[in-house]
Amino acid sequence: MLSLLPPAVARRLWQLMAVGGVLATALYTFFSSSAVAPVSFVVLGVAVIAACFGGPRRWGAEPPAAWLLIGAAALFFLIGVLIRPTVTEQPMPWPLLADVASFSGYMLLAVFISILLRKRESLDRHAVIDGLIVGLAGGLTSTVLLAMPAAAVPGRPALLSIIQGTYPLLDVVVLLLVVNLTFTAKSWPVSLIALIAMMTLMLVGDAAYAIVGIDGQIYASPLLNVPFLLAYTALGVAALHPSVVEMSRAAKPPAQAWSWPRLVLLAPALAMPFVLLLTNHTRVESARVLIAGTGAVIVALLLFRATFAVQAQVAAQLRSEHQATHDPLTSLPNRVSMSAEIERLVTIAETENHDRVWVYMLDLDGFKWVNDSWGHDTGDQLVIEVGRRLRAAVPKSIPVARVGGDEFLLAFIGEKGEALRLVDDIRGCFARPFPVRDTEVVITSSIGISHAEGDPARAAVTAEALMRDADTAMYRAKDEGPGRSTIFDTSMHAQVRERIELEVALRAALADDQLHVAYQPIVRLETGQPVGAEALVRWVHPERGPIPPMTFIPIAEDAGLIGSIGTWVRKEALRQLGVWRSEGVVGDDFYLSINVSPRQLSDPELPLIVSGEMLRYGVPPQCVALEMTESVMVDGSSVTSRVLFELRELGVKLLVDDFGTGFSALGYLRRFPVTGVKIDRSFVTGLGVNVEDDEIVRAVVAMSHALGLSVIAEGVETPLQREALYAVGVVNGQGWLWGAAVPAGEFAHRWRQTAIMPAPAAPAIAAGLSGRHRRPD
């Protein structure tokens, strides 16, 4: 029923319950001798029971079974309160029926709170001992002051008297369980406050009944039930308030074992046995024995708790030290710990035995693509598995550490031959695929190696230099290709400085407009006429002169500048094409091919951006081609795939650059909306000379034609290569045979010259049975 209410109304029900509960209590108090009192109690009780069954379910409180228990407990309490006036005057065992109902309610209430404690993971050892100490003190107080005097009342069954005196003890125990919930809460939600208020009011009500029971009465006045009506009201508020969902959520504050809230609870409990000795109730020997025994147990529990507190402090210190020196993901030593270990190795290395300290820096190749394709959770699992394999592959005397996201460090003392054998052991860890979640990942690592003699006098400096040099050698190994290893030499320092200087200069070049776009023609092999051009970025440094793209493009990728450079090139190329079209320099079918990086293709806004740029510069989509590498299709995420399809829907051509050098799988070409491929120059170079290259190109052309893809050959430098390409069916080519990439002004001039004086056509081609095209004899 509550689930059908609008959220705004449901959020106010707890206020209605609070007002209704107070009103019902007032009616019960002022009309205690009339029928209004039991009716108001029943109405309030039924409303609270309904709230316990419906409120937590409405807000999705967990676990739902626990709140059903508290509803059942409220029902038993209501039955006990209602039948007590009637059964009290009956002979035994009828008076016990009310107690059976009430005790059942207490049991269900205790189970309910225990479930919440387990859900919040708050049943810790200190809390349990604290509960026992306070519970014993409360039980001792209840027994000495209430239960024992009640049991001594003449003319009443002792069992009934003891039961009446036990109620406050039950309230103390349950209240302690509720208070224990507060130890796992940084803030007290309304539902938790209401639950504590309920147990406090129940304690007051049961204490009042117990005090009356000392005089031999079980039931004296309806007014004794007023605290229970207010307790019912508090329970209804707890069940209906939206914060009820927080009751099962632990949010432990950083409290110490001996925090002030706990000391406030423990101090009165520890003093209680001594306070009771000062009362008149200790004249009876049995009372003194009970106080002494309970006091001894409390002291023992306190000593037990102190021992646990010391052990917990030591354990916390050890955890803190471990966290400071170990990686949290793999539990391997971290950089701080490894630096100290390498320093120790440098100190103990014996130069007389030709031993040296060897340091290995590992970086996982392609780890970024694992994260981008399968998510960071998969990347973390891969790192954990790599750490396990490395630790299992090398002797325990060789330290293994994780010092970065996908970087590992090893250190070893020995001769060069042993050091190189260790490299083979490390590589063996990557020989098998890594089972990660529901897939298998094949990955390699680049290894940088540094070494030095033992030097106890300069151990710290040497250790730092070894790690730095291994890192430098690792980057050199990555430049050479995946899965390589390189031993550091001093010339690498100059190369690192050169790389850093180039990165700084490249950032300045991007800001100071030192970059420019050059255009290389894409021509039709049959006529030699340009049908398009590729836009290529060029950098002329004011002091160093021209910087080759093969030098600064990798730096731009590592420095995260490739996206900015790619965006600038695309805008400038589209602007220039718009100018050429408006001035009549190029025809309506002339297109411009622009490179896009994987980072750009992972931007879901790219299709919208490209569409806006084409509209701004007046360039139709069919005059734009975007070139991507094969790795985009292999490692592309769902975002990249969606971007490619949206770009194709705009009408933009999509070309696979350097086709044949990577993962040239037919499935990728069919899965993605590519329109053409560009055969890599490495295959074009051997045409007419190498039979294998001829067959590879022929196969690529045949496959592309079967899929309806256009084919462009890159790196065409000689007429022989042009004729061989034309013979196997390649229509368009690009290369030095028709000129290098030139600035926009020079390209426009050459285009006009070519239009006036057409280049000689390739020799005529005759169709034959032996292939798609066959040169005449």
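In this text, all values refer to a predicted model and were calculated from it rather than measured experimentally.

What to know about the overall build of the chain
Scanning the chain for helices and strands turns up 28 helices and 18 strands. Taken across its 777 residues, the chain has 47% of its residues classed as buried. Here the analysis covers contacts within the chain between residues at least 6 apart in sequence; of these, 73% occur between residues at least 24 apart. When the accessible surface of the chain is split by element, carbon and sulfur atoms take 61% of a total near 37300 Å².

Some points on the pairing of strand β13 (residues 653-659)
Buried residues dominate β13, accounting for five of its seven residues. Pairing analysis gives three bridges linking β13 to strand β14 (residues 676-679), with the strands arranged parallel. The residue of β14 that forms the bridge with L655 is G676.

Looking at the side chain of N732
In this structure, N732 sits in strand β16 (residues 732-733). Discounting residues that sit within four places of it in the chain, N732 has contacts with I522, V523, R524, L525, V531, V711, I712 and A713.

Some remarks on the pairing of strand β11 (residues 591-595)
Within a regular strand, side chains alternate between the sheet's two faces. The element β11 is largely enclosed, with a buried count of four among its five residues. Direction of pairing for strand β9 (residues 530-541) relative to β11: parallel, over a ladder of four bridges. Across the sheet, the residue bridging to G532 is Y591, located in β11.

Remarks on unusual backbone geometry
Here E62 and P63 are connected by a cis peptide whose omega angle stands at -15 degrees. With respect to the helices and strands, the residue P63 is situated in the loop between α3 (36-59) and α4 (64-87). Its identity is not glycine, yet D658 carries a phi of approximately 55 degrees, on the positive side. Within the secondary structure, D658 sits in strand β13.

Considerations on helix α23 (residues 638-650)
Residue pairs spaced three or four apart in an α-helix point in one direction, given the helix's 3.6 residues per turn. Compared with an ideal rise of 1.5 Å per residue, which puts 13 residues at 18 Å, α23 spans 19 Å between its outermost C-alpha atoms and is within 8% of the ideal. Along α23, the positions that sit buried rather than exposed are T640, V643, L644 and L647. All buried residues of α23 lie within an arc of 100 degrees about the axis, which places them on one face of the element. Looking at α23, the residues exposed on the side facing more than 90 degrees away from the buried face are S638 and E649. Positioned one or two residues after α23, G651 has a phi angle of 105 degrees, which is positive.

Describing the confidence of the model for the chain
Residues shown with low pLDDT carry predicted positions that ought not to be read at fine detail. Of all residues in the chain, 86% have pLDDT values of 70 or greater, and the mean over the chain is 83. When the elements of the chain are averaged for pLDDT, strand β18 (residues 771-774) gives the smallest value, 36, and strand β2 (residues 400-402) the largest, 96. Considering only residues more than four positions removed or in separate chains, one finds that residues 759-777, a stretch of pLDDT under 50, has 29 contacts.

Description of a nonpolar patch on the surface
A surface patch of nonpolar side chains, about 490 Å² in accessible area, is lined by L23, L27, F30, F31 and V36. Sorting elements by how many residues they give to the nonpolar patch places helix α2 (residues 13-30) first, with three residues.

Section: the packing of aromatic side chains
Using the criterion set out here, one finds eleven aromatic pairs in the structure. Residues Y519 and F747 carry aromatic rings whose centres are separated by 6.3 Å and whose planes lie at 50 degrees to one another, so their mutual orientation is tilted. Of this pair, Y519 sits in strand β8 (residues 515-524) while F747 is found in helix α28 (residues 744-756), placing the two residues 228 residues apart along the sequence. Judged by relative accessible area, F747 falls into the buried class, the value being 5%. Grouping aromatic residues by their ring pairs yields a cluster made of Y519, W580, F590 and F747. Just above the ring of W59 sits the side chain of R58; from NZ or CZ to the centre is 4.8 Å. In this structure, K653 is placed above the aromatic ring of Y591, and the distance from its NZ or CZ to the ring centre is 4.9 Å.

A short note on the environment of V701
With respect to the helices and strands, V701 occurs in helix α26 (residues 691-706). The buried category is assigned to V701, whose relative accessible area is 2%. When the C-alpha atoms of V701 and V711 are compared, they prove to be 6.8 Å apart, with ten residues separating the residues in sequence.

Thoughts on the sheet that holds strand β7 (residues 485-487)
Strand order in the open sheet made by the five strands is β2-β3-β1-β6-β7, with mixed pairing throughout. Each edge of the open sheet carries a strand with a single partner, namely β2 and β7. For this sheet, the mean inter-axis angle between neighbouring strands, taken without regard to orientation, is 20 degrees. Against the sheet, helix α15 (residues 416-428) engages β1 (356-365), β3 (407-414), β6 (444-452) and β7, with an angle of about 20 degrees to β1. Helix-sheet contacts for helix α16 (residues 459-480) involve β1, β3, β6 and β7, and the interaxial angle to β6 is about 145 degrees.

Digging into the pattern of salt bridges
For the coordinates displayed, the defined rule picks out 19 salt bridges. R388 is the salt-bridge partner of E385, the closest N and O atoms lying 3.1 Å from each other. Taken together, the residues span about one helical turn, with E385 and R388 both in helix α14 (residues 376-393) at a distance of three residues. Across the salt bridge formed by R507 and E503, the nearest N and O atoms sit 3.3 Å from each other.

A short note on the side chain of D363
Tracing the chain through its elements places D363 in strand β1. Beyond its immediate sequence surroundings of up to four residues, D363 is in contact with D406, E407, T444, S445, S446, M474 and K478.

Here we look at helix α19 (residues 562-583)
The end-to-end C-alpha distance of α19, which contains 22 residues, comes to 31 Å, matching closely the 32 Å that a straight helix rising 1.5 Å per residue would cover. Residue G584 follows α19 closely and has a positive phi angle near 75 degrees.

Topic: the packing of helix α17 (residues 491-511) against helix α18 (residues 549-559)
It is at 10 Å that the axes of α17 and α18 come closest, and there the two elements cross at 80 degrees. Classified by the interaxial angle, the pair formed by α17 and α18 is roughly perpendicular. The residues of α18 that touch α17, namely those facing R499, L502, E503, L506 and R507, are T551, F552, P554, I555, A556, D558 and A559. A per-class count over the contact of α17 with α18 returns seven nonpolar, one polar and four charged.

Describing the environment of V245
Within the secondary structure, V245 is located in the loop between α9 (226-240) and α10 (260-276). Along the chain, V245 and R57 lie 188 residues apart, while their C-alpha atoms are 9.4 Å from each other. Ignoring sequence-local partners within four residues, the contact set of V245 consists of W59, G60 and A61.

So, the packing of α4 against α9
Contact geometry for α4 and α9: axes closest at 12 Å, N-to-C directions at 160 degrees. With respect to α9, the axis of α4 lies roughly antiparallel. Helix-helix and strand crossings are classified by hand; for α4 and α9 the assignment is left-handed. Contacts between α4 and α9 pair W67, I70, A74, F77 and L78 from the former with Y232, L235 and A239 from the latter.

The rules behind these values
- Residues numbered from 1 in each chain as written.
- Predicted model: local features only at pLDDT ≥ 70, side-chain atom pairs only at ≥ 80, totals over all residues.
- Heavy atoms only, no water.
- Helix = DSSP H or I, 4+ residues; strand = E, 2+ residues; numbered from the N terminus.
- Buried < 20%, exposed > 50% of the residue type's maximum accessible area, 1.4 Å probe, protein only.
- Contact = heavy atoms within 4.5 Å.
- Areas by Shrake-Rupley, 256 points an atom, 1.4 Å probe, with all protein chains shown as cover.
- Pairing = 2+ DSSP bridges.
- Expected span 1.5 Å × (residues − 1).
- Arc of directions from axis to C-beta.
- pLDDT = per-residue confidence, 0-100.
- Patch = residues over 30% accessible without salt bridge, like charges linked within 9 Å, V, L, I, M, F, W, Y side chains within 5 Å.
- Salt bridge = Lys/Arg side-chain N within 4 Å of Asp/Glu carboxyl O.
- Phe/Tyr/Trp six-rings, centres within 6.5 Å; stacked < 30°, edge-to-face > 60°.
- Lys NZ or Arg CZ within 6 Å of the ring centre and 35° of its normal.
- Axes fitted to C-alpha atoms, helices over the stretch in contact; angles between N-to-C directions.
- Parallel < 35°, antiparallel > 145°, perpendicular 65-115°, else oblique.
- Nonpolar A, V, L, I, M, F, W, Y, C, P; charged D, E, K, R; others polar.
- Left-handed = near helix turned anticlockwise from the far one by under 90°.

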